[in-house]
Amino acid sequence: MPSSPAPRTAVLYPAFVATLPSMAGKTVAITGCTSGTGLVLARTCGDLGARVVMLNRPSPRADSALAALTGQGIDAVHVPCDLQSFASVRAAAMRLKEACAGGVDVLCNNAGVMGLPDLATGDGYDVQMQSNHLSHFLLTSQIWPLLETAADARGEARVVNHSSGARRGRPLEAAYLQANGGHLGGDGFPGLGKWRRYQQSKLANLLFTYALHDNIAEQRPAPTLTIKSLCAHPGPTDSGLQAKTADAGGTRLLDRYILQRTLRTAQSVEDGALGITRASCQPGISSPGFYGPSGKGQGGPAELLPPERDPHGEALLWEESLKATGVTSFFP
Ligand SMILES: NC(=O)c1ccc[n+]([C@@H]2O[C@H](COP(=O)([O-])OP(=O)(O)OC[C@H]3O[C@@H](n4cnc5c(N)ncnc54)[C@H](OP(=O)(O)O)[C@@H]3O)[C@@H](O)[C@H]2O)c1
């Protein structure tokens, strides 16, 4: 299993965080904050005074992450949310509505899995596409009224998606968003299928950002334009992600090449969190916005990147995601 010998040092993150204003009075909900960039964002928002809702699937990792934050005096709560199950996501949304009557100021759809085998979830979708995109689409729709409550009360709210440098390569294909789990390229030699499925799911994160922005503008009354649709990508980052790919059977030559190449150039998990932190916390951000390192396959500061609009892909994404999640109207 590829791993780095010692935790990497945060080069850029501390100075950036020092520029951020207080988040007191705000609520930030984050998926996938047992480790990695999500945990860094949760700690940062908590340190800035926000209430943090940790949307994690139940596990000892989720318990430890919650204990670590509350032990530092952060106002954090765990809401169980397994992104491999639409029923779990719907239940988490109900819990959020009970726990966050004052609204949700930031929903960061951060969680992700990478390079998993060609497996169907219980709902029939590709495990990577459902975890990385479809469930986040459903969650965002289900808690929309909470974002509106926050925007009305405090001037704006944000949805922040987490994409990847791996989003590049091929346009979005409907098959990856449909109930074809287990039949999307397989795991045979040379093993490209899992990386194509990951590429499609991470492209979906970015296209969702643009499609959401446009749908807000078209369908919602003017006040809700204050809900911003944003995206980030971290650049290669030494988090728990690579180890999980290897543990899930990612041991082919191609897998080892991709994972080791990522770790060779990887930055610290804090610096990898720069993009989602900027999109979640920095004042004066415009929608839609995409933040991350500008180099290919490199880390670095989270810059505002040129738009990567694809009207056909965005329309396809929206239509297929509605069908897959059974959402008849995205804005309830
Ligand atoms: N690290 C990189 O080089 C890199 C590069 C590009 C993009 N990214 C993206 O960055 C994001 C964060 O990843 P990371 O690098 O910080 O990796 P990480 O440390 O492995 O964090 C991923 C998080 O997602 C959660 N998660 C996975 N499946 C879930 C499910 N079914 N339900 C709920 N939570 C689930 C994990 O929780 P568990 O503990 O329950 O597994 C974990 O908290 C991902 O979207 C990833 O695609 C990372």
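See the structure above.
These numbers come from a predicted model, not from an experiment.

Help me understand the site of the ligand in this model?
If you check the shell around the ligand, you find 31 residues, and the closest are Thr34, Ser35, Arg57, Arg61 and Ser239. With respect to the ligand, the backbone of leucine 83 contributes an N or O atom lying 2.9 Å from a nitrogen atom. Burial of the ligand by the protein amounts to 98% of the accessible area it has alone, namely 880 Å². Mapped by element, the contributors of at least two residues to the shell around the ligand are helix 2 (36-47), helix 7 (193-219) and helix 8 (241-247). It is helix 8 that contributes the most residues to the shell around the ligand, three residues altogether. Across the shell around the ligand, the residue classes break down as nine nonpolar, 17 polar and five charged.

I would appreciate a short explanation of the sheet that holds strand 5 (residues 157-162) in the present structure.
Strand pairing in a sheet relies on backbone hydrogen bonds. The paired strands run either parallel or antiparallel. Read from one edge to the other, the open sheet built from eight strands follows the order 3-2-1-4-5-6-7-8, with strand pairing classed as mixed. Looking at which strands have only one partner, the edges of the open sheet turn out to be strand 3 (76-80) and strand 8 (303-304). Both strand 6 (residues 227-232) and strand 7 (residues 289-292) contribute to a ladder of three bridges, which runs parallel. Each bridged residue has a counterpart across the sheet, and for leucine 230 the counterpart in strand 7 is glycine 289. Strand contacts of helix 3 (residues 60-71): strand 2 (51-56) and strand 3, with the helix running at about 165° to strand 3, the strand carrying the most contacts. Packed onto the sheet, helix 7 meets strand 4 (106-109), strand 5, strand 6 and strand 7 and runs at close to 165° relative to strand 6.

Would you take a moment to explain the packing of aromatic side chains for this structure?
Describing an aromatic ring pair means giving the distance of the ring centres and the angle of the ring planes. Going through the model one piece at a time under the given rule, you end up with 10 aromatic pairs. Ring centres 5.3 Å apart and planes at 50° place the aromatic pair phenylalanine 137 and phenylalanine 208 in the tilted group. With phenylalanine 137 in helix 5 (residues 127-142) and phenylalanine 208 in helix 7, this pair connects stretches of sequence that are 71 residues apart. On the basis of relative accessibility, which here comes to 0%, the residue phenylalanine 137 falls in the buried class. The class for phenylalanine 208 is buried, based on a relative accessible area of 1%. Chaining the aromatic ring pairs together yields one cluster made of Phe137, Trp144, Phe208, Trp318, Phe330 and Phe331.

Explain the side chain of glutamine 128 to me, please; I cannot follow it from the model alone.
Within the element layout of this structure, glutamine 128 appears in helix 5. With relative accessibility at 0%, the residue glutamine 128 sits in the buried group. Reaching out from glutamine 128, the side chain makes a polar contact with the backbone oxygen of leucine 116 at a distance of 3.5 Å.

Where do I start with the packing of helix 2 against helix 3 in this structure?
Helices that pack against each other are described as a pair by the angle of their axes relative to one another and the distance between those axes. The geometry of helix 2 relative to helix 3 is characterised by a closest axis approach of 10 Å and an angle of 25° between their N-to-C directions. What the angle tells us is that helix 2 and helix 3 run roughly parallel. Where helix 2 crosses over helix 3, the two elements pack in a sense that is right-handed. Across from Leu39, Ala42 and Arg43 in helix 2, the residues of helix 3 making contact are Ala65, Ala68 and Leu69. For the contact of helix 2 with helix 3, a count of residues per class yields five nonpolar, no polar and one charged.

What am I meant to see in the pairing of strand 1 (residues 27-31) here?
Two faces belong to every sheet, and in a regular strand the side chains alternate between them. For strand 1, the buried fraction is high: five of the five residues fall into the buried class. Neither face of strand 1 is open: one carries Thr27, Ala29 and Thr31, the other Val28 and Ile30, and all of them are buried. For strand 1 and strand 2, the ladder comprises five bridges, and the chain directions are parallel. Among the inter-strand pairings, threonine 27 is bridged to a residue of strand 2, identified as arginine 51. Handedness of the strand 1-helix 2-strand 2 crossover: right-handed.

When you look at the nonpolar core in this model, what are you seeing that I'm missing?
A general feature of soluble globular proteins is that nonpolar side chains tend to end up buried together. One finds Leu55, Trp144, Leu212 and Phe330 to be the most contacted residues of the largest nonpolar core, which totals 49 residues. Of all the elements in the fold, those that place two or more residues in this core are strand 2, helix 4 (86-99), helix 5, helix 6 (144-154), strand 5, helix 7 and helix 12 (311-325). For this core, the leading source of residues is helix 7, giving seven residues. With residues near it in sequence (within four places) discarded, tryptophan 144 still touches Val159, Leu212, Ile216, Arg220, Ile227, Phe330, Phe331 and Pro332.

Conventions and cut-offs
- Residues numbered from 1 in each chain as written.
- Predicted model: local features only at pLDDT ≥ 70, side-chain atom pairs only at ≥ 80, totals over all residues.
- Heavy atoms only, no water.
- Near = heavy atom within 4 Å.
- Polar contact = N/O pair within 3.5 Å; in protein donor to acceptor, adjacent residues only side chain to side chain.
- Areas by Shrake-Rupley, 256 points an atom, 1.4 Å probe, with all protein chains shown as cover.
- Helix = DSSP H or I, 4+ residues; strand = E, 2+ residues; numbered from the N terminus.
- Nonpolar A, V, L, I, M, F, W, Y, C, P; charged D, E, K, R; others polar.
- Pairing = 2+ DSSP bridges.
- Contact = heavy atoms within 4.5 Å.
- Axes fitted to C-alpha atoms, helices over the stretch in contact; angles between N-to-C directions.
- Phe/Tyr/Trp six-rings, centres within 6.5 Å; stacked < 30°, edge-to-face > 60°.
- Buried < 20%, exposed > 50% of the residue type's maximum accessible area, 1.4 Å probe, protein only.
- Parallel < 35°, antiparallel > 145°, perpendicular 65-115°, else oblique.
- Left-handed = near helix turned anticlockwise from the far one by under 90°.
- Right-handed = clockwise from strand over helix to strand, strands pointing away.
- Core = buried A, V, L, I, M, F, W, Y, C linked by side-chain atoms within 4.5 Å.

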